[in-house]
Amino acid sequence: MRTITLINGDGIGPEISDSVVKIIKASGAEINWDIQTAGADVIEKEGTPLPQRVLDSIKKNKIALKAPVTTPIGRGFRSVNVQLRKELDLYANLRPCKNLPNIKTRFENVDLIIVRENTEDLYAGIEEQIDENTAHSIKVITRQASERICRFAFEYALKNGREEVCAVTKANIMKLSDGLFLESYRNVAKYYPHIKQREILVDNLCMQLVQDPTKFDILVLPNLYGDIVSDLTAGLIGGLGVAQGANIGHDCAVFEPVHGSAPDIKGQNKANPTALLLSAIEMLKYIGENTYAQNIEHALFKTLANGNKTADIGGTLSTTEFTEEIIKNLG
Ligand code: ATP
């Protein structure tokens, strides 16, 4: 039986984790969950929102499923998400964005893959207060991290039969930092002559995505543009409740939804577990459990197609009712 770390998070985290664990169990997939608490709820007892035991568990099991975790603002703690990605060197943030059955949005046939660099850029956390009226943030871009993420994007394209990898920058303005990212992309692209190449400025990309997202395939972006553009693309397919993600490194991978802990709907049995479920389906595929992954995906799609949805995507079901419907539809 495979052991996987489960971080059940806070806010709506425990509700959606409970839903996903029940669905996976009902599918017959044999997973032994190593449950690790993290976030605001553990600070009092353990002095940190990300105790070492959580990192040790992921390092040992190699794979984690993670519900959202809140980092308290203004109490001196680094973001749990950023720290996890750094400590485990989860350098690639993969966010597939594809239309789901019966979720009406402006566009049909959206099928985009966002590949976001996960370790540097303005997320390096290097800030300096120059004087009372001036603060600086340092944008760190390295050739090593840029080439690594571009290689990841091209390899993903090859393995998944995708046609194009488009580099997104603002290299006309940030000539050195984004210029280096673009140069790294071009260096890597030379080794993938059968994958189409394309370069676009991030502002132009945003305009084109809201006009016609079907014109894009894989987008590879530095960290901050990746963060912003992936929320935009989540909106194209029905919002945060359905946007899945994964953080992948050489040794470990952490699968998690794009959304946060949604404290506004915590404990109300309203949260949509779809984003975490889709992340778990990707996780099952990643560990080679394709049959279970396909069965769960089919049950989810059938549930949505039958009009059974949570409120955030225009339905009336509670988290638990939606979960039960998916379990009924398992093959
Ligand atoms: P963070 O900074 O942690 O990303 P946030 O407040 O910016 O948090 P979310 O916590 O993701 O963002 O919530 C944004 C909005 O989307 C909230 O109104 C929330 O209720 C809604 N939302 C997020 N996730 C879900 C979900 N799974 N189901 C239903 N609504 C959700």
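Just above, that's the structure.
The text that follows walks through the structure, step by step, so that each part is easy to find.

### Side note on the overall build of the protein chain
- From N to C terminus, the protein chain includes eleven helices and twelve strands.
- For 331 residues, the compact-globule estimate of 2.2 N^0.38 gives 20 Å, and the protein chain sits close to it at 20 Å.
- On the principal axes, the C-alpha backbone points of the protein chain span a range of 55 × 45 × 40 Å.
- Out of the 331 residues in the protein chain, the part that is buried amounts to 56%.
- Counting only contacts in the protein chain whose residues sit at least 6 apart along the sequence, the fraction spanning at least 24 positions is 73%.
- As displayed, the protein chain has an accessible area near 15,100 Å², and 50% of this comes from carbon and sulfur atoms.

### Brief notes about helix 3 (residues 52-61)
- Those residues of helix 3 that fall on the buried side of the exposure criterion are Val54, Leu55, Ser57, Ile58 and Asn61. Viewed along the axis of helix 3, the buried residues span an arc of 160°, placing them on a single side of the element.
- Buried residues in helix 3 make contact with strand 1 (2-7), strand 2 (31-36), strand 3 (63-66), helix 4 (80-87) and strand 12 (253-255).
- Among the residues trailing helix 3, lysine 62 stands out with phi positive, at a value near 75°.

### Here's the deal with the packing of helix 10 (residues 290-305) against helix 11 (residues 319-328)
- Here helix 10 crosses helix 11 at 120°, and the two axes come no closer than 8 Å. When the axes of helix 10 and helix 11 are compared, the pair comes out oblique. Considering how the two elements wind past one another, helix 10 and helix 11 form a crossing that is right-handed. Of the residues in helix 11, those in contact with Ala299, Leu300, Thr303 and Leu304 of helix 10 are Phe322, Glu325 and Ile326.

### A closer look at unusual backbone geometry
- For aspartate 89, which is not glycine, the phi torsion reads 50° and is therefore positive.
- Along the chain, the position of aspartate 89 falls in the loop between helix 4 and strand 4 (92-98).
- Looking at aspartate 89, the relative accessible area reads 32%, which means it is partly exposed.
- Here asparagine 269, not a glycine, exhibits a phi torsion of approximately 60°, which is positive.

### Quick notes on the packing of helix 5 (residues 143-159) against helix 6 (residues 177-189)
- Their axes nearest at 8 Å, the elements helix 5 and helix 6 cross at an angle of 45°. Classified by the angle between their axes, helix 5 and helix 6 sit oblique to one another. When you trace helix 5 past helix 6, the crossing you get is right-handed. Across the interface between the two elements, Arg143, Ser146, Glu147, Ile149, Cys150, Arg151 and Phe154 of helix 5 pack against Leu180, Phe181, Glu183, Ser184, Tyr185, Asn187, Val188 and Ala189 of helix 6.
- In the contact of helix 5 with helix 6, the residues fall into eight nonpolar, three polar and four charged.

### With respect to the sheet that holds strand 4
- Taking strand neighbours across the sheet as the criterion, the ten strands line up as 2-1-3-12-11-4-5-10-8-9 in an open arrangement whose pairing is mixed. Where the open sheet ends on each side, the last strands, each with one partner, are strand 2 and strand 9 (196-201). Between one strand and the next, the sheet's axes are offset by a mean angle of 25°, whatever the strand orientation.
- Relative to strand 10 (residues 218-221), strand 5 (residues 111-117) runs parallel, the two sharing four bridges. By the bridge assignment, arginine 116 is partnered in strand 10 with leucine 221.
- On top of the sheet, helix 5 reaches strand 4, strand 5, strand 8 (164-169), strand 9, strand 10 and strand 11 (246-248); it is set at about 155° to strand 5, its chief contact.

### A look at the packing of aromatic side chains
- Enumeration over the complete set of coordinates arrives at four aromatic pairs.
- Ring plane angle 35° and centroid distance 5.7 Å describe the contact between phenylalanine 154 and tyrosine 185, whose orientation is recorded as tilted. In this pair, phenylalanine 154 sits in helix 5 while tyrosine 185 sits in helix 6, placing the two residues 31 residues apart along the sequence. Both residues of the pair, phenylalanine 154 and tyrosine 185, belong to the buried class.
- Ring centres of phenylalanine 154 and tyrosine 192 lie 5.0 Å apart, and the angle between their planes is 15°; this geometry places the pair in the stacked category. Residue phenylalanine 154 is located in helix 5, and its partner tyrosine 192 is located in the loop between helix 6 and strand 9; the two are separated by 38 residues in the primary sequence.
- Clustering of aromatic rings is evident, with ring pairs tying together Phe154, Tyr185 and Tyr192.
- Over the face of the ring belonging to tyrosine 123 we find arginine 116, whose NZ or CZ atom lies 5.2 Å from the ring centre.

Conventions we followed
- Residues numbered from 1 in each chain as written.
- Predicted model: local features only at pLDDT ≥ 70, side-chain atom pairs only at ≥ 80, totals over all residues.
- Heavy atoms only, no water.
- Helix = DSSP H or I, 4+ residues; strand = E, 2+ residues; numbered from the N terminus.
- Rg over C-alpha atoms; globule rule 2.2 N^0.38 Å.
- Buried < 20%, exposed > 50% of the residue type's maximum accessible area, 1.4 Å probe, protein only.
- Contact = heavy atoms within 4.5 Å.
- Areas by Shrake-Rupley, 256 points an atom, 1.4 Å probe, with all protein chains shown as cover.
- Arc of directions from axis to C-beta.
- Axes fitted to C-alpha atoms, helices over the stretch in contact; angles between N-to-C directions.
- Parallel < 35°, antiparallel > 145°, perpendicular 65-115°, else oblique.
- Left-handed = near helix turned anticlockwise from the far one by under 90°.
- Nonpolar A, V, L, I, M, F, W, Y, C, P; charged D, E, K, R; others polar.
- Pairing = 2+ DSSP bridges.
- Phe/Tyr/Trp six-rings, centres within 6.5 Å; stacked < 30°, edge-to-face > 60°.
- Lys NZ or Arg CZ within 6 Å of the ring centre and 35° of its normal.

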